Amino acid sequence: MLGGSSGLQYHNYNRGSRQEYDSWGELGNEGWSWDTLVPYFRKIDNVTPGDAEFLPGLDKQPGLDNVLDGATNGPILVGYNNNNTAITPWVKEWHQTWLDNGAYVNADPAGGNATGMTLTGRPVDPVKSVRVYSTNAYLEPVLNRTNLFVLTGAEATQLLFDQDSIPADITNVTAAELVATGVEYGTPMNLTQRNSAKANIEVILSAGSLKSPQLLELSGIGNKNLLDSLNITTILDLPEVGENLQDHLEWNVDYLLKEDAPYETWGELSSSSNLRKRVSDKQHLDIYRNDPSRDTAAWAEYTANRTGIYSASPATLGFFPLQTFPDAFNVTDLVTELDTEFAAANVSAIRKKQFEIQRRHLVEGEVAQVEVVFLPKGGLAPSNYPVEPGRSYLSVITFFLRPFSAGSVHINTTNPFAAALADPNYNQFSLDWKVTALWTKFARQVMLSDPIGQWIERPVQPPADIETLEQWDEYVPSS
């Protein structure tokens, strides 16, 4: 789709901390840092501050600092949930429960410190109540330009290069000055026909974590041993292509509410065919699952006023260093074990440098390592439990944001329309699944404490009998 992940993500609009962007420059990318990037962050945003009274612990309007820093004229409209967006009182209950268990609030997570509980910014037009993303913010306003042509339904199949720029020594990467002249493209509907687009100035390769390395390897840039096995002529022997694939880890936990719970919740997608046609990516109140007739009124409210459940997004997220919760994590023990395992691992030089930075961020305790998200609905966890008719659920999502494990993505065929083989190599280091187990266990402990815990009947997925760390250790890697 046009717009890529900006048209799919969960209406969450947040950035990392200063140290994370500074580490890009530390890895050898000269000129890349928080200070060099933040002017562009401000340039793309047009922020409408949120309500300082909306969540417990806020001491100022979320987004106000962005506005004061000049984020007022960009094409990306950024706002915040409010009482018109059907964010139920459960959000405040959950927020307060985390504050009572050691969490803290950050009203300005876009200012270089992205840790803490936040009222999350969302790229949604505050008047029209529709998603704002790269297509309608950047592309559609300039589609009438004579020097712009958007070709949909086509896939890049190979990068084209000036043959005179191909180095004689394909292993001398630092001295190589390959010049891209264009791109070849085609469609899976016709596997033999290829077309090409020529570049007068430059070719920008921005095909994502999976397709970018695939295109490089198909074009002869990558590990020569792999390319030789597929009879692809190597023009630059760069074994790092496709390596170091990392992904954050996610676990979803559902809770059944007591029947006398005081507030309505979001819920599973209604079985109504009209509802599916209207908005396929929205969650809907349990009241719509339990009483689908209310859908008509909700849609009428949205079309008339742009308010209600159809205008809602997840409201609050929490990002924390492990040191925030000393009862949950013994960072010293975790790092000691990690050091031993990493010393025995066979990793590249750049991976070692990355490890040094990532380890420092973990130990210093100023960069978020874990995340927690709340949704006043159920059904996110694997659906291996029966949803009880007439009942309501809550969901908590836990993330380990910066695992140390790293995998790869490589081609195994010269067919450019075939998916590359991705191996995330999850749980290469035991710290990854141990942190996840400890975090998910702690998140349940918080969820079962008051004020929100008084309304929970029981956990349903994973079941309540998952209690000890050993049981969580067994559950997490297999889920």
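This report concerns the structure included in the present document.

We now examine the nonpolar core. Most often, soluble globular proteins keep nonpolar side chains buried together rather than apart. Counting 54 residues, the largest nonpolar core has Trp-94, Trp-98, Phe-329, Phe-374, Trp-439 and Met-447 as the members making the most contacts within it. Of the residues forming this core, the biggest block, 8 residues, is contributed by helix 13 (residues 430–447). The residues touching Phe-374, leaving out its near neighbours within four places in the chain, are Trp-90, Val-91, Trp-94, Thr-316, Leu-394, Ser-395, Val-396, Met-447 and Ile-452. Listed in part, the 8 residues of the second largest apolar core include Leu-317, Phe-319, Val-373 and Leu-375.

Right, let's get into the packing of helix 11 (residues 331–343) against helix 13. Here helix 11 crosses helix 13 at 155 degrees, and the two axes come no closer than 9 Å. Taken as axis vectors, helix 11 and helix 13 run roughly antiparallel relative to one another. Contacts from Leu-334, Glu-337, Leu-338 and Glu-341 in helix 11 reach Ser-430, Leu-431, Lys-434 and Val-435 in helix 13. Of the residues assigned to the contact of helix 11 with helix 13, the class counts are 4 nonpolar, 1 polar and 3 charged.

Here we come to the pairing of strand 14 (residues 370–375). By the criterion of burial, strand 14 is predominantly enclosed, with 6 of the 6 residues buried. Neither face of strand 14 is exposed, since Val-370, Val-372 and Phe-374 on one face and Glu-371, Val-373 and Leu-375 on the opposite face are all buried. Bridging between strand 13 (residues 316–320) and strand 14 involves 4 bridges; their strand directions are antiparallel. Considered in strand 14, the bridge of Gly-318 is made with Val-372. Here 6 bridges tie strand 14 to strand 15 (residues 393–400), and the two strands are oriented antiparallel to one another. Bridged to Leu-375 within strand 15 is Ser-395.

Scoring rules and cut-offs
Residues numbered from 1 in each chain as written. Predicted model: local features only at pLDDT ≥ 70, side-chain atom pairs only at ≥ 80, totals over all residues. Heavy atoms only, no water. Core = buried A, V, L, I, M, F, W, Y, C linked by side-chain atoms within 4.5 Å. Buried < 20%, exposed > 50% of the residue type's maximum accessible area, 1.4 Å probe, protein only. Helix = DSSP H or I, 4+ residues; strand = E, 2+ residues; numbered from the N terminus. Contact = heavy atoms within 4.5 Å. Axes fitted to C-alpha atoms, helices over the stretch in contact; angles between N-to-C directions. Parallel < 35°, antiparallel > 145°, perpendicular 65-115°, else oblique. Nonpolar A, V, L, I, M, F, W, Y, C, P; charged D, E, K, R; others polar. Pairing = 2+ DSSP bridges.

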